[in-house]
Amino acid sequence: MLLSCLAAATVVGCNRATGVTAPSEPFDCSQTAYIGINGTDPSWSPDGRQVAYLAGFDAQARFSSGLYVCDVASGESHLVVPYSVTGPSARCDWNPKPGSNEVLLSYGLGAGVVNMETGDIERIASDNGRIAGARWMPEGDSVAYFSRAVDGEEISPFALAIQHLDGSGRHFFFREGRRPIQSEDIVFSPDGKWLAWTEYIPSPTYTRHEIAVCRRDGTGYRLLTSLGGQAKKPVWINGGTGLLFPWIPDECAAIGGNGPHTTMYVDLSSGNVRKWQAELTDYRFQFSKDIHVDRSGTRALIPGLDPLFNVPFGALYLTSANYTGVRRKLALSSPPPPPPPPPPPSSHP
């Protein structure tokens, strides 16, 4: 991901970041490890030893599709739920409770809780069957998701709703002024006190995306950025004092959001927006629109994307300065190719 627009690359002018100052590095890009994830939407387990992720349909059959779990230490993955169940555009989120083996899986317009050891799915109760983009609440005993109708109340487009797994306590989440949050990119701070999301702001040529926050009770709404272009998928770092997010400027956003993204940092207290200066040399990570930080805040996972074929490439994890675990340093390059198939048996005696 790391994203300076490739100089004179796909889109001219995509390296503009007006008013942005240089920050300290939240993660150490010299300490990286490649792990074998060929998919999207990864989610760390509470102990940081595993990652759940989704692999979509691959026409070349390089890997099977569905919900996978990857062991971070070995890089080995195995299929938990097949693609015939997950389908396209699924999302996953590991329960934040310590020791949990439950992953919240959104698929189609429904959602369920997956036991990652058995693959069993318990569907979440819904009064209308329309659940999208489900995420665990910080306590791990209820979920936030997007719906047009909750208990007979209609809101369009999709708005943020909250409920327990059995369907009880279902209600829309409103910020000040009784305005719903209409974004799938929602994240709760590590202490559960703040909510950040992508705010959609109409403009004459395209819909701007900016980063907004409010408190857990809906008060304290703030629009943290005014960069123009599109800022997406914020993630909390530094103990919940700031957010990382990928951003593209107006020139790229107006033509569909294609091109490399720039990783930005915004400080919650001051509102200062800064460019993350780190660079990864492999261009496939420069096109990633995702960064996922583990529960401890000491490791970040970046799923790669090959822009030439629009297929997942794999993932790196980076370590931060205060990480105390084992560090591994690998070259930022493609993993070794599989061995060639054995030659066919000779037809001669």
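First, a word on what this report is: a plain description of the structure on this page.

**Overview of the pattern of salt bridges**
Per the stated rule, a full pass over the model turns up six salt bridges. The residue E139 makes a salt bridge to R216 at a minimum N-O spacing of 3.1 Å. A residue pair is termed long-range when its members are at least 10 positions apart, and E139 in the loop between strand 10 (132-136) and strand 11 (142-150) and R216 in the loop between strand 18 (207-215) and strand 19 (222-223) qualify at 77 residues. The class of E139 is partly exposed, set by a relative accessible area of 38%. Owing to a relative accessible area of 28%, R216 belongs among the partly exposed residues under this scheme. D290 is the partner of K233 in a salt bridge, and the nearest nitrogen-oxygen pair spans 2.8 Å. Within this pair, whereas K233 is found in the loop between strand 20 (230-231) and strand 21 (235-237), its partner D290 is found in the loop between helix 3 (283-286) and strand 25 (292-293), the two being separated by 57 residues in sequence.

**Let's talk about the sheet that holds strand 3 (residues 50-55)**
Strand order in the open sheet made by the four strands is 2-3-4-5, with antiparallel pairing throughout. Only two strands of the sheet have a single partner each, and these edge strands are strand 2 (40-44) and strand 5 (77-82). Pairs of neighbouring strands in the sheet enclose a mean axial angle of 25°, with direction left out of account.

**Topic: the pairing of strand 22 (residues 242-248)**
The buried fraction of strand 22 is high, at seven of seven residues. Of the two faces of strand 22, both are covered, the one formed by G242, L244, P246 and I248 as well as the one formed by L243, F245 and W247. When strand 20 meets strand 22, the two strands line up antiparallel, connected through two bridges. Paired with A231 across the strands is W247, a residue of strand 22. The pairing of strand 21 with strand 22 spans three bridges and is classified as antiparallel. Each residue of the ladder has a partner; that of I237, found in strand 22, is G242. Where strand 21 hands over to strand 22, the hairpin turn is made up of four residues, of which N238 adopts a positive phi near 55°. Where strand 22 meets strand 23 (residues 262-267), six bridges bridge the pair, whose relative direction is antiparallel. Paired with L243 across the bridge in strand 23 is V266.

Scoring rules and cut-offs
- Per chain, residue numbering runs from 1 following the sequence as it is written.
- Whole-chain, interface and lining totals are the exception, using all residues; otherwise, since this is a predicted model, local features are given only for residues with pLDDT of at least 70 and side-chain atom pairs are given and counted only at 80 or more.
- Only hydrogens and water are set aside; all other atoms, that is, all heavy atoms of the structure, feed into the side-chain values.
- Each reported salt bridge corresponds to a side-chain nitrogen of Lys or Arg within 4 Å of a carboxyl oxygen of Asp or Glu.
- Numbering of helices and strands runs from the N terminus; a helix is a DSSP stretch of H or I covering at least four residues, while a strand is a stretch of E covering at least two.
- Throughout, exposure labels follow a simple rule: accessible area from a 1.4 Å probe, protein chains only, divided by the maximum for the residue type, with under 20% read as buried, over 50% as exposed, and the rest as partly exposed.
- Between any two strands, at least two bridges found by DSSP are needed for them to pair.
- Structural elements are reduced to axes, namely lines fitted to C-alpha atoms, with helices fitted over the stretch in contact, and the angle between N-to-C directions of any two is expressed from 0 to 180 degrees.

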